[in-house]
Amino acid sequence: MTEIGFIDKVNWMNKIYSILHDLENYLNFQKTLGVRGVINPREKISDQQKQAEAPKETLMELLRKEMGNCTRCKLHPTRKNLVFGTGDLYSELVFVGEAPGADEDIQGEPFVGKAGMLLTKIIQSMGYDRKEVYIANIIKCRPPNNRNPETDEIQQCEPFLIKQLSILKPKVICALGTFAAQTLLKTQERISLLRGKFHSYQGIKVMPTYHPAYLLRNPSEKRSVWEDVKLVMKELGKKIN
Ligand code: URA
C-alpha cells in the first residue's frame, strides 16, 4: 500500500474544504428561497411531512396579491372595490354567489346587502355563524346596474375562484343561483333542475340552490332552499331541528 504524501494530503484537505464551502453557500442560498430543511432519502417520510403545505392564510394572501388592482376585464373602470371573498379559510362549507351588488361594491365584502342579510339568516339556520363559513363570488367586480355577468368576464375571473377553492378544499360548496351553479358544474341546465341533489366539482360535493336575491322576489321558494340546506347539514353532520 502506498502512503499518501503530505502535499497530497493538503491538496485533498483543500479540495474537501472547498466542496464543503460550496455546499454551505448552496444551502444558504436555498434558505433565502424559503427551503426549511433537506430530507434524508433513506428516512421514511411521514404522512404529516408529505402533506406539509404553506398555511392557507399565506396562499390566499398570495392569490389576493396576484389579483392586485385587477384590470383583466371590462368591469374594472366602474367598480369601487374588488370583492375577493371572506370568512374562515378552514371551513368545511363554502358559499359561492354570482357577483357583487351595490352594497358589496362599496364595502368590498360579499353578500352584505339585502340578499346578504337573507344569506346570513340561512347560514345561521344551518347552525353556523357567518364567520365560520367562507363566502365568495364567481365574479369579483360589480357589473354595472347589476346586469348579469358576461361570458368574457366569467372567463377572466373564474381562474381566481378555482384557485380559491383549491386552497379552501371544503367538504361542501353551496352554489347560489344559476350563474354559480352553471359555472362550477360546466352545464347549461336550469337551477330548478340542478338544485335538490349533490353534484361534484373536483371531488367536492356541490349543492346548487336558489340565490337569496331570487328568494326575496319569490319567498315561496324558501321551502326548497331549506330542503337543499338540510341535505348539506346532513352531509356535514349538523343537527337538524
Ligand atoms: N349577490 C351575489 O351573488 N353576491 C354578492 O356578493 C351579493 C349579491
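Procedures and definitions
Residues numbered from 1 in each chain as written. Predicted model: local features only at pLDDT ≥ 70, side-chain atom pairs only at ≥ 80, totals over all residues. Heavy atoms only, no water. 1 Å grid on protein atoms, 1.4 Å probe; cavity = no way out; pocket = protein on both sides within 12 Å on 5 of 7 lines; lining within 4 Å. Points joined across faces, edges and corners; volume = space filled by probe spheres on them. Helix = DSSP H or I, 4+ residues; strand = E, 2+ residues; numbered from the N terminus. Nonpolar A, V, L, I, M, F, W, Y, C, P; charged D, E, K, R; others polar. Contact = heavy atoms within 4.5 Å. Near = heavy atom within 4 Å. Polar contact = N/O pair within 3.5 Å; in protein donor to acceptor, adjacent residues only side chain to side chain. Areas by Shrake-Rupley, 256 points an atom, 1.4 Å probe, with all protein chains shown as cover. Sits in = over half its atoms within 2 Å of the grid points. Expected span 1.5 Å × (residues − 1). Axes fitted to C-alpha atoms, helices over the stretch in contact; angles between N-to-C directions. Parallel < 35°, antiparallel > 145°, perpendicular 65-115°, else oblique. Core = buried A, V, L, I, M, F, W, Y, C linked by side-chain atoms within 4.5 Å. Buried < 20%, exposed > 50% of the residue type's maximum accessible area, 1.4 Å probe, protein only.

### A look at the layout of surface pockets
- Approximately 660 Å³ is the volume found for the largest pocket.
- Along the walls of the largest pocket sit 26 residues, with E98, A99, A115, H211 and A213 positioned nearest its centre.
- Looking at the lining of the largest pocket, the elements with two or more residues in it are α4 (102-107), α5 (114-125), α7 (177-185) and α9 (212-217).
- Residues that form the lining of the largest pocket fall into these classes: 11 nonpolar, nine polar and six charged.

### A short note on the side chain of E98
- One can find E98 in the loop between β2 (93-97) and α4.
- The residues touching E98, leaving out its near neighbours within four places in the chain, are N137, I138, I139, N148, P149, F179 and H211.

### Concerning the site of the ligand
- If you check the shell around the ligand, you find G97, E98, A99, E104, P110, F111, N137 and H211 and nothing else.
- One of the backbone N or O atoms of E98 is found 2.7 Å from an oxygen atom in the ligand.
- In this structure, an oxygen atom belonging to the ligand sits 2.8 Å away from a side-chain N or O atom of H211.
- For the ligand, the accessible surface in isolation is 230 Å², of which the surrounding protein chains cover 92%.
- Given that more than half its atoms are within 2 Å of the pocket grid, the ligand belongs to the largest pocket.

### Some words on α5
- With 12 residues, α5 should cover 16 Å at 1.5 Å per step; its first-to-last C-alpha distance of 17 Å lies within 8% of that length.
- Buried residues belonging to α5 abut β2, β3 (134-137), β4 (172-176), α9 and α10 (222-235).

### Comments concerning the packing of helix α6 (residues 151-168) against α7
- Packing of α6 against α7 brings their axes to within 12 Å, and their N-to-C directions diverge by 75°. The orientation of α6 relative to α7 falls into the category roughly perpendicular. In this structure, α6 uses I154, E158, L161 and L165 to contact α7, whose residues at the interface are F179, T183 and L184.
- The residue inventory of the contact of α6 with α7, partitioned by class, reads five nonpolar, one polar and one charged.

### Here we look at the nonpolar core
- Counting residues in each nonpolar core, the largest one holds 57 residues, and the members touching the most others are L93, F95 and M126.
- The element best represented in this core is α6, accounting for seven residues.
- Excluding its chain neighbours within four sequence positions, the residues that come into contact with L93 are M126, Y128, V133, Y134, P170, V172, V232 and L236.

### Focus on the environment of I138
- Structurally, the position occupied by I138 is in the loop between β3 and α6.
- Along the chain, I138 and E66 lie 72 residues apart, while their C-alpha atoms are 17 Å from each other.
- Here I138 is in contact with V96, G97, E98, I154, C157, E158, L161, F179, A180 and T183, once residues within four sequence places are set aside.

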